[in-house]
Amino acid sequence: MRSSSAARRKQKLKRLKNKSVLLGVTGGVAAFKAADLIRRLKDVGASVTVMMTEAAKQFITPLSLQVASQNTVYTSVFQDPLTHISLPALADVMVIAPATANIIAKLANGIADDILSTAFLAYQGPVVIAPSMNGKMFEHPIFQENLKRLLSFGIRQVGPESGTLACGEEGKGRLADVPDIVDSVIAAVTPQDLKGRKIVVTAGPTREHLDPVRFLSNRSSGKMGFSIARAAWIRGAAVVLISGPTALKSPSGVILRQVDTAAQMLRAVTEETDKDASVLIMAAAVADFRPHLQARTKAAKDNIDSLVLDRTQDIIAHVAAQKKKPFVIGFAAETGGKLERAKQKMQRKKMDMIVFNDVTEIGAGFESDTNNVVILDRKGSAKTGLLSKDEIADAILDRYLKIKT
Ligand code: CTP
């Protein structure tokens, strides 16, 4: 039997292993977040080298970023006369976070007057920018023109977010969340093998209400579905994530539709799969039953003897029965190794693929960051072994691509 520490070791997928990230930090108030960004990039396997502008040094010291990156921090073109050529030559990806209005204006117009803008011109690989500034500056038509021009050269943008800004004003201009910047960097160096496909993913539990305070639900955390949505987005797909109530944050590039009940999930899935979806991946643990009656006011316990339940509509079977249907992938969570039962489920519901997991195994199933599944399709099956849910997500997408290249 595998130990739970083996399960813990498998949790993190090093998506930036052996990748060298050249991070440009400019002078916005969010510059202090660069230290956290460096830590998280290193966490997923990257080595990070930092370049800072003069203004950035007003907000965070080079020493802090040297400690965080464990690398020399470059602040001037003249520190070493050839670094503006050698740094970009060694980088797999360049990320500028935070990117001020000033640096975006400079880069859009080819101005090279400091280490960052000079190295940018000498760099030929993928670039990610994370703009951050006051909302009025962000909306200014001159800035928007500069941004548009810069993006037209194939540069990726992440954020900014809306909310309360450092100046106290409400608006759009807050630096993207650090995990979203990391995801954009990962996407920039990942082959876009799902580009041009729309993938609809469901996740989490549904809630079936008895009255305004009580509901029937299940233990699904949503982690598997969210991992699939994130992996598909990183690989270039247009992703719609339809999720029941969970505590998870959706990846920034994914369109999130939040639902509550199985009936709402059915409606959202039908709408999205009607609109040219390539794949439906039903990772949600849809409640199989709902109370026959839903009270408008809280039902007193003395008035409840037993519950009468109705079956909810089977969402995946409904989609798979349509004439014009996407590739349909379902999940079968079983207690005990009932692989045959999963196979029958795939055939009965006319799925194209089913992901079977035994939730009683260590490191598999509900709330866990790992899983251990068998992927079955019409032609055969493949065991993944114990992997992180991110790796399982990639394995499912790989298998789908093999069938539907
Ligand atoms: N599913 C669905 N609509 C439902 C119920 C389930 O689309 N009303 C989907 C799930 O998202 C999952 C697959 O069907 O992809 C699971 O099938 P199901 O027969 O519900 O599996 P179990 O819940 O494991 O079923 P059983 O209780 O029969 O073991």
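Residues numbered from 1 in each chain as written. Predicted model: local features only at pLDDT ≥ 70, side-chain atom pairs only at ≥ 80, totals over all residues. Heavy atoms only, no water.

Colleague: Help me understand helix 13 (residues 339–348) in this model?
Modeller: Residues that lie three or four places apart on an α-helix share one face, since the helix turns once every 3.6 residues. For helix 13, the set of buried residues is Ala-342, Lys-345 and Met-346. Viewed along the axis of helix 13, the buried residues span an arc of 100°, placing them on a single side of the element. Just past helix 13, the residue Lys-350 takes up positive phi, approximately 55°. (Buried < 20%, exposed > 50% of the residue type's maximum accessible area, 1.4 Å probe, protein only. Helix = DSSP H or I, 4+ residues; strand = E, 2+ residues; numbered from the N terminus. Arc of directions from axis to C-beta.)

Colleague: For this particular structure, what's the right way to read the packing of helix 10 (residues 223–234) against helix 14 (residues 389–403)?
Modeller: What describes two packed helices is the angle between their axes and the distance between those same axes. Where helix 10 contacts helix 14, the two axes come as close as 8 Å, and the packing angle between them is 60°. By the angle between their axes, helix 10 is oblique relative to helix 14. Between helix 10 and helix 14 lies a crossing of right-handed hand. The segment helix 10 lies against helix 14, with Lys-223, Met-224, Ser-227, Ile-228, Arg-230, Ala-231 and Ala-232 engaging Lys-389, Asp-390, Ile-392, Ala-393, Asp-394, Ile-396 and Leu-397. (Axes fitted to C-alpha atoms, helices over the stretch in contact; angles between N-to-C directions. Parallel < 35°, antiparallel > 145°, perpendicular 65-115°, else oblique. Left-handed = near helix turned anticlockwise from the far one by under 90°. Contact = heavy atoms within 4.5 Å.)

Colleague: Whenever I open this one, the domain arrangement of the protein confuses me. Can you help?
Modeller: A common way to report how large an interface is uses the accessible area buried once the components associate. Considered domain by domain, the protein is made up of domain 1 (15–188) and domain 2 (198–404). Placing the centre of domain 1 and that of domain 2 at their C-alpha centroids yields a distance of 37 Å. Contact residues are listed per partner, giving 9 residues for domain 1 and 9 residues for domain 2. Here domain 1 meets domain 2 over a buried area of about 770 Å², counting both sides, of which 43% is carbon and sulfur. When the buried surface of domain 1 facing domain 2 is broken down by residue, Arg-15, Asp-180 and Asp-183 rank first, second and third, together holding 65% of it. Inspection of the domain 1/domain 2 interface yields 4 salt bridges. One salt bridge in this structure joins Asp-180 and Lys-249, with 2.8 Å as the shortest N-O distance. (Domains from an automatic or database assignment. Buried area = accessible area lost by both parts, 1.4 Å probe. Salt bridge = Lys/Arg side-chain N within 4 Å of Asp/Glu carboxyl O.)

Colleague: How do you make sense of the pattern of salt bridges when you look at a structure like this?
Modeller: A side chain of one charge can pair with a side chain of the opposite charge when the charged atoms of the two come close. All told, the structure shown has 28 salt bridges when counted by the stated rule. Note that Arg-230 is salt-bridged to Asp-390, the shortest N-O span being 3.3 Å. One end of the pair, Arg-230, is in helix 10; the other, Asp-390, is in helix 14, with 160 residues separating them in the sequence. The buried category is assigned to Asp-390, whose relative accessible area is 17%. For the salt bridge of Asp-377 with Arg-399, the shortest nitrogen-to-oxygen distance reads 2.7 Å. Of this pair, Asp-377 sits in strand 19 (residues 370–377) while Arg-399 sits in helix 14, placing them 22 residues apart in sequence. Given the relative accessible area of 6%, Asp-377 is considered buried. Connected via shared salt-bridge partners are Arg-15, Asp-193, Arg-235, Asp-394 and Asp-398.

Colleague: Please clarify how the environment of Ser-20 should be interpreted in this entry.
Modeller: Here Ser-20 shows up in strand 1 (residues 20–25). Judged by relative accessible area, which is 18%, Ser-20 ranks as buried. For the pair Ser-20 and Leu-121, spaced 101 residues apart in sequence, the C-alpha to C-alpha distance is 18 Å. If we skip the residues at most four places from it in the chain, Ser-20 touches Ser-47, Leu-90, Ala-91, Asp-92 and Val-93.

Colleague: Explanation requested: a nonpolar patch on the surface in the structure shown.
Modeller: On the surface, a nonpolar cluster with roughly 320 Å² of combined accessible area is contributed by Phe-289, Ile-304, Leu-307 and Leu-309. Examined against the element boundaries, Phe-289 turns out to sit in strand 15 (residues 289–291). (Patch = residues over 30% accessible without salt bridge, like charges linked within 9 Å, V, L, I, M, F, W, Y side chains within 5 Å. Areas by Shrake-Rupley, 256 points an atom, 1.4 Å probe, with all protein chains shown as cover.)

Colleague: Even after reading the chapter, I still don't get the site of the ligand, so can you show me in this structure?
Modeller: The local shell around the ligand holds 15 residues, among which Met-282, Ala-284, Ile-316, Phe-331 and Arg-341 are the closest. A distance of 2.9 Å is found between an oxygen atom of the ligand and a backbone nitrogen or oxygen belonging to Phe-331. Notes on the ligand: free accessible area 590 Å², of which the protein chains cover 80%. When contributions to the shell around the ligand are tallied by element, the ones reaching two or more residues are helix 12 (315–320), strand 17 (327–334) and helix 13. For the shell around the ligand, the element with the highest residue contribution is strand 17, accounting for 3 residues. (Near = heavy atom within 4 Å. Polar contact = N/O pair within 3.5 Å; in protein donor to acceptor, adjacent residues only side chain to side chain.)

Colleague: Explanation requested: the side chain of Arg-197 in the structure shown.
Modeller: Of note, Arg-197 is situated in the loop between helix 9 (178–189) and strand 9 (198–203). Notably, Arg-197 is buried but unbridged: the nearest opposite-charge side chain belongs to Asp-193, and the N-O separation is 7.8 Å. A polar contact is formed between the side chain of Arg-197 and the backbone oxygen of Lys-404, at a distance of 2.8 Å. Contacts of Arg-197, omitting those with residues within four sequence positions, involve Ala-237, Ala-238, Ser-278, Tyr-400, Leu-401, Lys-404 and Thr-405. (Lys, Arg positive; Asp, Glu negative; His and termini not counted.)

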